[in-house]
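Chains, contacts and geometry: an overview
Now for the letters of each chain:
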2 protein chains.
Amino acid sequence: MSENKIPYKVYLNENEMPTAWYNLRADMVSKPAPLLNPGTGLPLSAEELAPIFCEELVRQELDDETAFFPIPQEILDFYKMYRPSPLVRAYCLEKALGTPAKIYYKFEGNNTSGSHKLNSAIAQAYYAKNQGLKGVTTETGAGQWGTALSMACAYLGLDCKVFMVKVSYEQKPFRREVMRTYGASVTPSPSTETEVGRKILAEHPGTTGSLGCAISEAVEVATKNPGYRYVLGSVLNQVLLHQSIIGLEAKAAFDKIGVKPDIIIGCAGGGSNLGGLIAPFMGEKLRGEADYRFIAVEPASCPSFTRGKFAYDFCDTGMICPLAKMYTLGSGFIPSPNHAGGLRFHGMSPVLSQLYHDGFMEARAVEQTSVFEAAERFARTEGILPAPESSHAIKAAIDEALRCKETGEEKTILFGLTGTGYFDLVAYQKYNDGEMSDYIPTDEDLEKGFAGLPQVPGLE
Amino acid sequence: MSENKIPYKVYLNENEMPTAWYNLRADMVSKPAPLLNPGTGLPLSAEELAPIFCEELVRQELDDETAFFPIPQEILDFYKMYRPSPLVRAYCLEKALGTPAKIYYKFEGNNTSGSHKLNSAIAQAYYAKNQGLKGVTTETGAGQWGTALSMACAYLGLDCKVFMVKVSYEQKPFRREVMRTYGASVTPSPSTETEVGRKILAEHPGTTGSLGCAISEAVEVATKNPGYRYVLGSVLNQVLLHQSIIGLEAKAAFDKIGVKPDIIIGCAGGGSNLGGLIAPFMGEKLRGEADYRFIAVEPASCPSFTRGKFAYDFCDTGMICPLAKMYTLGSGFIPSPNHAGGLRFHGMSPVLSQLYHDGFMEARAVEQTSVFEAAERFARTEGILPAPESSHAIKAAIDEALRCKETGEEKTILFGLTGTGYFDLVAYQKYNDGEMSDYIPTDEDLEKGFAGLPQVPGLE
């Protein structure tokens, strides 16, 4: 398609939508390290994971070989309600920047969860329903995952119990209210409803909570209540599998217009969006069929890729979850209270961690005032008010486009616009009022987190 | 297209998007009554309107004959950022209702203003910019219009001053913050910044404001400051003209799949969405080419169609605006404070008023608890959290679909899903907590409003 014919938005037709998820692990030579039992230091078996996760999801979690998993029809039907998401050419942003670069974004915010999280929420809820379960438990931080799961559970008639990081629960009453509208029960974490919550409250009275802590609570409730399982919105291999729908659609849309991106950029918290967006492109790179630059963008206040350690660590604060080998700041790490958005998990997807470790991907950390500056610029030119998380990718995309302006290169940039910022207006207000500050942890701050890395039998 | 091939969402391609707005008045035999000068009782001339509105918009306002107005390229380009909006087949809602009816909705909420308001905001801002103006002033109630105008002005580099009904300003700080992020200045109304605001405050200390009052303030600021004009998000003929893009796209999408709706339903406040949605269909009906049932749905607490008078009235509380002949509750009418959503204007589009008066359209009033019940049902099945305003149309669409279930008729229903409810969570919370109440004004309440209808020279 000739350059000036490329539309503002490329939508796939329903019959062009992907019908299978792509499992990037199948093409990795160095596979991600297995989850370990923290007691024995041995890889976890499907039997050991079954009390926590649904059976089919355990299968997906442990399968490093199968390249494609067919998407069940009921999930495909649900996807059709809000997918395909558009691949958008950012003509207006390009013009405002005066760059020769061509900027595209895959916009995942056009659904009520406000983000890409719904892609995995419906999958996980579906398998729970299919297994005859009564309900699921989960944690949520910024609230996008909890909202997505509530929507999926309402659709399927499943019970949904969400532990919401206390500081978010208090700062975002509207997020809570959306989840309630979809019939979920929402509890601020740490709570007195669980053993681990009571323990954390006793040790850290007045704590505002963390994702790792909410995970511990949700896992405890799932494992103690028959008919319930735990579901997680990021980090896990199964989540990246489901989120591959983002990259598969993006690639199909690019193929449709005959364009190949040079640089692919995504924000990185636990890795769900980044892993999904890059999946099929990274597959090509791993198979030697094409080359791309991949850039993970994380907050300078929670820099797991750029300043973390590649080590086995707990996924939760209460240390009741399996151990995952990943870039981590230590399961006790909590971002500074002035950190406004999501992307606050202490660890990172084991798949992405392995790829980064093996040099297939770059990473950079950015400070939040510069992120909100990019967000505002984007909002005013492209119309969409972006989520703070997504704005990390916007910031890097703008930086790359401005670099092209200097060099005159006409690079094609793709970034993931994971969601909208309608529930982040407290942070925008701080930025608008000039009251937003940055925080970069000192090496001493990080050492405290690293000191909590587990000593596991058989591991250094 | 065979029934089972109809996709969940029909998107037009860019080259199928309408390139001209449709002026329904051209096909009306009984034209809407002209705007009058309240001092003389004579129809307002273009010269008299020029100090208030941009020149091109005055031309559009007064032209009852031209059927199509070409959309300027810059507006078409802006439309491409968030349009076409999808025509969605509500398969999941149909299934949940067990109805043989086929339900479609035209979803206008996939943009940051959260509603269809952006369609006219960009047009009005464009003509202001084109005329070399510095900026525009406006009012906003629920906040969708103010947000839309802020976005359009940010895109074009125009100054934007918004008077926001005080009760909304206080209840919806996040709406205000979105507008600020787009660079608008937002003032709670009534304010001390205008003569009319000071007068209203003196007469009604402690008033929480009204749309009519905010209009008076915005008009005063526009007429007193060189380089500024006033813009309005509903009621006016020009707004219905711009909003015809909704109906034109919907009709093109239906034509694409070979479907013809039987019933077309829209919520009605000032009439911007309803007038835009029905425009091309009503044109066919007026020309005798096809028949459709049109249903306007309004709040029982602000029932201008169903209980108002068809009379000349002021569009604003301060009585500084032209007189319009419309269904009205009187310019002093203010909905009960327990009324949660928008649709709170005392009058109604003169175009729609004339059509309703002439029997081309039905109207019904619904109570807000039943509206939120429909909203929740819709959210849980179709995923989207709807705006309270839009949910009036949902309520009527569900009622019609359930009637089909009784009769076995396979009617095709189209309703306008004007926007999303992300900024209406206070109202949802009230509903979720069982604390929402209904209010139907008594005849005595309404008589007070009617008593304020103007005595105009030459009019009865």
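Below is a short write-up of the structure. Values in this document were obtained by computation on a predicted structure and should not be read as measured data. (Residues numbered from 1 in each chain as written. Chains lettered and ligands numbered in written order. Predicted model: local features only at pLDDT ≥ 70, side-chain atom pairs only at ≥ 80, totals over all residues. Heavy atoms only, no water.)

1. Concerning the overall build of chain A
Put simply, the rule reads: Numbering of helices and strands runs from the N terminus; a helix is a DSSP stretch of H or I covering at least four residues, while a strand is a stretch of E covering at least two. With a 1.4 Å probe rolled over the protein chains alone, any residue whose accessible area is under 20% of its type maximum counts as buried; one over 50% counts as exposed, and the rest are partly exposed. Note on contacts: a residue pair is in contact if any heavy atoms of the two residues lie within 4.5 Å. Each accessible area value is a Shrake-Rupley result obtained with a 1.4 Å probe; residue values ignore everything except the protein chains displayed when judging cover.
Helix and strand content of chain A: 18 helices and 15 strands. Reported as C-alpha extents along the three principal axes, the dimensions of chain A are approximately 60 × 50 × 45 Å. Looking at chain A as a whole, 67% of its 460 residues are labelled buried. Counting contacts in chain A only where the partners sit at least 6 residues apart, residues at least 24 apart contribute 77% of the total. Counting every atom, chain A has about 15100 Å² of accessible surface; 50% of that belongs to carbon and sulfur.

2. A closer look at the interface of chain B and chain A
Note the cut-off: Buried area: the accessible surface (1.4 Å probe) lost by two parts on joining, summed over both. By definition here, a salt bridge exists when the distance from a side-chain nitrogen of Lys or Arg to a carboxyl oxygen of Asp or Glu is within 4 Å. Whenever a nitrogen or oxygen atom comes within 3.5 Å of another N or O atom, the pair is scored as a polar contact, on the condition that within protein one atom can donate a hydrogen and the other can accept it, and that pairs from neighbouring residues in sequence are kept only if both atoms are in side chains.
Counting residues at the interface gives 42 residues for chain B and 42 residues for chain A. Overall, the association of chain B and chain A removes approximately 4000 Å² of surface from exposure, summing both partners, and the carbon and sulfur fraction of that is 57%. For chain B, the biggest contributors to the area lost against chain A are Phe174(B), Thr181(B) and Tyr422(B); these three give 17% of the whole. Linking chain B with chain A are 2 salt bridges, by the criterion used here. In this structure, Arg180(B) and Asp433(A) form a salt bridge, with 2.7 Å as the shortest nitrogen-oxygen distance. Where chain B meets chain A, there are 24 residue pairs in polar contact (both at pLDDT 80 or more). Among the elements of the structure, helix H3 (73-82), helix H6 (144-156), helix H8 (173-181), helix H15 (368-382) and helix H17 (425-432) of chain B are those that each provide at least two residues to the side of chain B that touches chain A. If you tally residues by element for the side of chain B that touches chain A, the top one is H8(B), at 6 residues.

3. Some words on the relation of the copies chain B and chain A
Test applied: Copy-to-copy superposition: least squares on the C-alpha atoms, limited to residues that have pLDDT of at least 70 in both copies.
Relative to chain A, chain B is turned by 180 degrees and slid 0.0 Å along the rotation axis, the superposed coordinates differing by an RMSD of 0.0 Å. Taken together, these values place the two copies in the relation of a two-fold axis. It is Asn110(B) whose C-alpha, among those of chain B, lies nearest the rotation axis, at 3.0 Å. A shared binding surface is used by both copies, with 100% of the interface residues of chain B retained as interface residues in chain A.

4. Comments concerning the sheet that holds strand E6 (residues 135-140) of chain B
Residue and element names in this part refer to chain B. This is how the line gets drawn: Pairing between two strands requires that DSSP report at least two bridges joining them. Angles run from 0 to 180 degrees between N-to-C directions of axes, and those axes are lines fitted to C-alpha atoms, restricted for helices to the stretch in contact.
Here we have 4 strands laid out as an open sheet, ordered E8-E7-E6-E9, and parallel in their pairing. Because the sheet does not close on itself, it has two edges, and the strands there are strand E8 (185-189) and strand E9 (228-230). On average, each strand axis in the sheet is tilted by 25 degrees relative to the strand beside it, whichever way the strands run. Where strand E7 (residues 159-165) lies against E8, 5 bridges are found, and the strand directions are parallel. Opposite Lys161, over in E8, you have Ser185 as the bridge partner. Here helix H10 (residues 211-224) sits on the sheet in contact with E6, E7, E8 and E9, set at roughly 170 degrees to E6.

5. Quick notes on helix H10 (residues 211-224) of chain A
Residue and element names in this part refer to chain A. Stated precisely, the cut-off is as follows: To estimate the expected span of a helix, subtract one from its residue number and multiply by 1.5 Å.
Between its terminal C-alpha atoms H10 stretches 20 Å, which fits the 20 Å expected from 14 residues at 1.5 Å a residue. Along H10, the residues classified as buried are Leu211, Gly212, Cys213, Ala214, Ile215, Ser216, Glu217, Ala218, Val219, Glu220, Val221 and Ala222. Tucked into the core, H10 has its buried residues touching strand E6 (135-140), strand E7 (159-165), strand E8 (185-189), helix H9 (195-203) and strand E9 (228-230).

6. Focus: the side chain of Arg89(B)
Residues and elements named next belong to chain B. Topologically, Arg89 is positioned in strand E4 (residues 87-89). You can call Arg89 buried: its relative accessible area is 3%. Within the structure, Arg89 has its side chain in polar contact with the side chain of Glu94 (distance 2.6 Å).

7. Remarks on the side chain of Thr418(A)
All names here are of chain A. For Thr418, the position within the fold is in the loop between strand E15 (412-417) and helix H17 (425-432). Among the polar contacts listed, one links the side chain of Thr418 to the side chain of Ser390, at a separation of 2.6 Å. Those residues in contact with Thr418, other than ones at most four positions away along the chain, are Glu108, Gly109, Gly114, Ser115, His116, Cys267, Asn273 and Ser390.

8. Describing the pattern of salt bridges
Residue and element names in this part refer to chain A. Counted under the stated rule, the structure contains 60 salt bridges over all chains. Note that Asp77 and Lys80 form a salt bridge whose closest N and O atoms lie 3.5 Å from each other. With Asp77 and Lys80 both in helix H3 (residues 73-82) and 3 residues apart, this pair spans about one turn of that helix. With a relative accessible area of 18%, Lys80 lands in the buried category.

9. Some details on the sheet that holds strand E4 (residues 87-89) of chain A
Residues and elements named next belong to chain A. On the basis of which strands lie adjacent, the open sheet formed by 7 strands has the order E1-E4-E5-E15-E10-E11-E14 and mixed pairing. Looking at the sheet topology across the chains shown, the edges are occupied by strand E1 (9-10) and strand E14 (362-366). Examined bridge by bridge, strand E10 (residues 263-267) and strand E11 (residues 293-299) share 5 bridges and lie parallel to one another. Directly across from Gly266, in E11, lies its bridge partner Ala296.

Nothing here speaks to function; it is all geometry.
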